[in-house]
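# An overview of the molecular structure
Here is how the chains run, residue by residue.
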Amino acid sequence: MAATPIAVITGASSGIGAATARRLAADGYRVVLTARRKDRIEALAAEINEAGHEATAYALDVTDREAVDTFATAFHNLAVLVNNAGGALGADPVATGDPADWRQMYETNVIGTLNVTQALLPALTASGDGTIVILSSTAALASYEGGGGYVAAKHGEHVLAETLRLEIVGTPVRVIEVAPGMVKTEEFATTRFRGDTEKAAKVYAGVDAPLSADDVADTITWAVTRPSHVNIDLLVVRPRAQASNSKVHRTL
């Protein structure tokens, strides 16, 4: 009997990461949930296991390379890695943006993705049929005012995916990039505005049906479960109300 394929999801404590973990578990993967908030991923693992699926929680900061390398020793082969950990801080113009925010976004979105990908690539290769998903953003493809630091980080993540795909072609590992547009989750905008729920709410004000975490999880799972010879290089997904990063239809 074939072993249950394993999928590692970073940033699985909430939002898209948690939704993706639930969806991949329901599709037959044994999911390994990583995030800094141990209590959140342990609760999610318990939920998934109680639903009759398989999940394990592992507290991990993707920017801590030593911790990532230790984590990677648990895997001899691995089917899927979903690099979801990341996020945005602030919406200041370039002229007044805080370099500390820029540095933190780069460390989490780019270096964190690099750390986990490098550490788990041998296990993904050993599986004979591995898939790396890099969750970027439409910010990885086009800029917008007030988004300089996040855009720069996501462009870095996009180039990481594009370059890795070139470098490992011919190996049994696919590199998939999923770039969502406006997604309304419980934490993304609130974290960006440091807990200011009023500012966070304005991001989505008047927008008819922004994407949900489940929408993106569905997209990720679809891409991952294509036949092995099919690689979804880049998949951009937006709500119908959003035509670009700066063109959104609002009813207000």
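Attention in this report is confined to the structure presented alongside it.

Conventions and cut-offs
Residues numbered from 1 in each chain as written. Predicted model: local features only at pLDDT ≥ 70, side-chain atom pairs only at ≥ 80, totals over all residues. Heavy atoms only, no water. Salt bridge = Lys/Arg side-chain N within 4 Å of Asp/Glu carboxyl O. Helix = DSSP H or I, 4+ residues; strand = E, 2+ residues; numbered from the N terminus. Buried < 20%, exposed > 50% of the residue type's maximum accessible area, 1.4 Å probe, protein only. Phe/Tyr/Trp six-rings, centres within 6.5 Å; stacked < 30°, edge-to-face > 60°. Pairing = 2+ DSSP bridges. Right-handed = clockwise from strand over helix to strand, strands pointing away. Axes fitted to C-alpha atoms, helices over the stretch in contact; angles between N-to-C directions. Parallel < 35°, antiparallel > 145°, perpendicular 65-115°, else oblique. Left-handed = near helix turned anticlockwise from the far one by under 90°. Contact = heavy atoms within 4.5 Å. Nonpolar A, V, L, I, M, F, W, Y, C, P; charged D, E, K, R; others polar. Core = buried A, V, L, I, M, F, W, Y, C linked by side-chain atoms within 4.5 Å. Expected span 1.5 Å × (residues − 1). Polar contact = N/O pair within 3.5 Å; in protein donor to acceptor, adjacent residues only side chain to side chain.

## Re the pattern of salt bridges
Inspection of every chain in the model, using the stated rule, returns 10 salt bridges. A salt bridge links Asp233 to Arg165; the nearest nitrogen and oxygen atoms lie 3.6 Å apart. Separated by 68 residues along the polypeptide, Asp233 in the loop between helix 8 (213-224) and strand 7 (234-237) and Arg165 in helix 5 (residues 148-168) bring together distant segments of the chain. Relative accessible area serves as the criterion here: at 39%, Asp233 is assigned to the partly exposed category.

## Some thoughts on the packing of aromatic side chains
Across all of its chains, the model carries 3 aromatic pairs by this definition. Pairing Tyr58 with Phe71 gives two aromatic rings, centres 4.7 Å apart and planes at 55 degrees, and the pair type is tilted. Placement of Tyr58 in strand 3 (residues 54-59) and of Phe71 in helix 3 (residues 65-72) is noted, with a sequence separation of 13 residues between them. Ring centres of Phe71 and Phe75 lie 5.2 Å apart, and the angle between their planes is 70 degrees; on these two criteria the pair is classed as edge-to-face. Grouping residues by exposure puts Phe71 and Phe75 together as buried. Linked through ring pairs, Tyr58, Phe71 and Phe75 together constitute an aromatic cluster.

## Quick notes on the pairing of strand 5 (residues 130-135)
Of all 6 residues making up strand 5, 6 are buried, and the element is well covered by its neighbours. Side chains Gly130, Ile132 and Ile134 project from strand 5 onto one buried face, and the interleaved Thr131, Val133 and Leu135 project onto a second face that is buried too. Relative to strand 5, strand 4 (residues 80-83) runs parallel, the two being bridged by 4 bridges. Across the sheet, residue Leu81 finds its bridge partner in strand 5, namely Ile132. With helix 4 (residues 99-126) bridging strand 4 and the parallel strand 5, this β-α-β connection has right-handed handedness. Taken together, the 6 bridges between strand 5 and strand 6 (residues 173-180) define a ladder with parallel strand orientation.

## Observations concerning the packing of helix 4 against helix 5
Packing of helix 4 against helix 5 leaves a shortest axis separation of 7 Å and a crossing angle of 20 degrees. By the angle between their axes, helix 4 is roughly parallel relative to helix 5. Considering the relative orientation of helix 4 and helix 5, their crossing is right-handed. Contacts from Trp102, Met105, Tyr106, Asn109, Val110, Thr113, Leu114, Thr117 and Leu121 in helix 4 reach Gly148, Gly149, Tyr150, Ala152, Ala153, Lys154, Gly156, Glu157, Leu160, Leu164 and Ile168 in helix 5. Grouping the amino acids of the contact of helix 4 with helix 5 by side-chain chemistry returns 12 nonpolar, 6 polar and 2 charged.

## A word on the nonpolar core
Among the nonpolar cores identified, the biggest contains 36 residues, and Ile9, Tyr29, Val31, Leu33, Ile48 and Ile220 are the most heavily contacted of them. In contact with Tyr29, not counting residues within four places along its chain, are Thr4, Pro5, Ile6, Ala7, Leu24, Glu54, Ala79, Val80, Val224 and Thr225. Judged by nonpolar contacts, the second largest core, of 33 residues, contains Phe75, Ala123, Ile132 and Ala153.

## As for the sheet that holds strand 6
The strand order 3-2-1-4-5-6-7 describes an open sheet built from 7 strands, whose pairing is parallel. The open sheet terminates on both sides in strands that have one partner only, identified here as strand 3 and strand 7. Neighbour to neighbour, the strand axes of the sheet diverge by 15 degrees on average, direction disregarded. Of the strand pairs in this sheet, strand 1 (residues 6-9) and strand 4 are connected by 3 bridges, and their pairing is parallel.

## Section: helix 5
With 21 residues, helix 5 extends 30 Å between its outermost C-alpha atoms, agreeing within 8% with the 30 Å of an ideal straight helix rising 1.5 Å per residue. A positive phi of about 100 degrees marks Gly170, the residue just after helix 5.

## Re the side chain of Asn245
Position of Asn245 relative to the elements: it lies in the segment after strand 7. We classify Asn245 as buried; its relative accessible area is 18%. Reaching out from Asn245, the side chain makes a polar contact with the side chain of Thr138 at a distance of 2.6 Å. Side-chain polar atoms of Asn245 contact the backbone oxygen of Ala142, separated by 2.8 Å. Other than its neighbours up to four places away in sequence, Asn245 contacts Thr138, Ala139, Ala142, Ser143, Tyr144 and Arg238.

## Some points on the pairing of strand 6
By the criterion of burial, strand 6 is predominantly enclosed, with 8 of the 8 residues buried. On strand 6, burial covers both faces: Val173, Val175, Glu177 and Ala179 on one face and Arg174, Ile176, Val178 and Pro180 on the other are all buried. On the question of chirality, the crossover connecting strand 5 to the parallel strand 6 by way of helix 5 is right-handed. Pairing of strand 6 with strand 7, which is carried by 4 bridges, proceeds in the parallel orientation. Among the inter-strand pairings, Glu177 is bridged to a residue of strand 7, identified as Leu234.

Keep in mind these values describe shape, not function.
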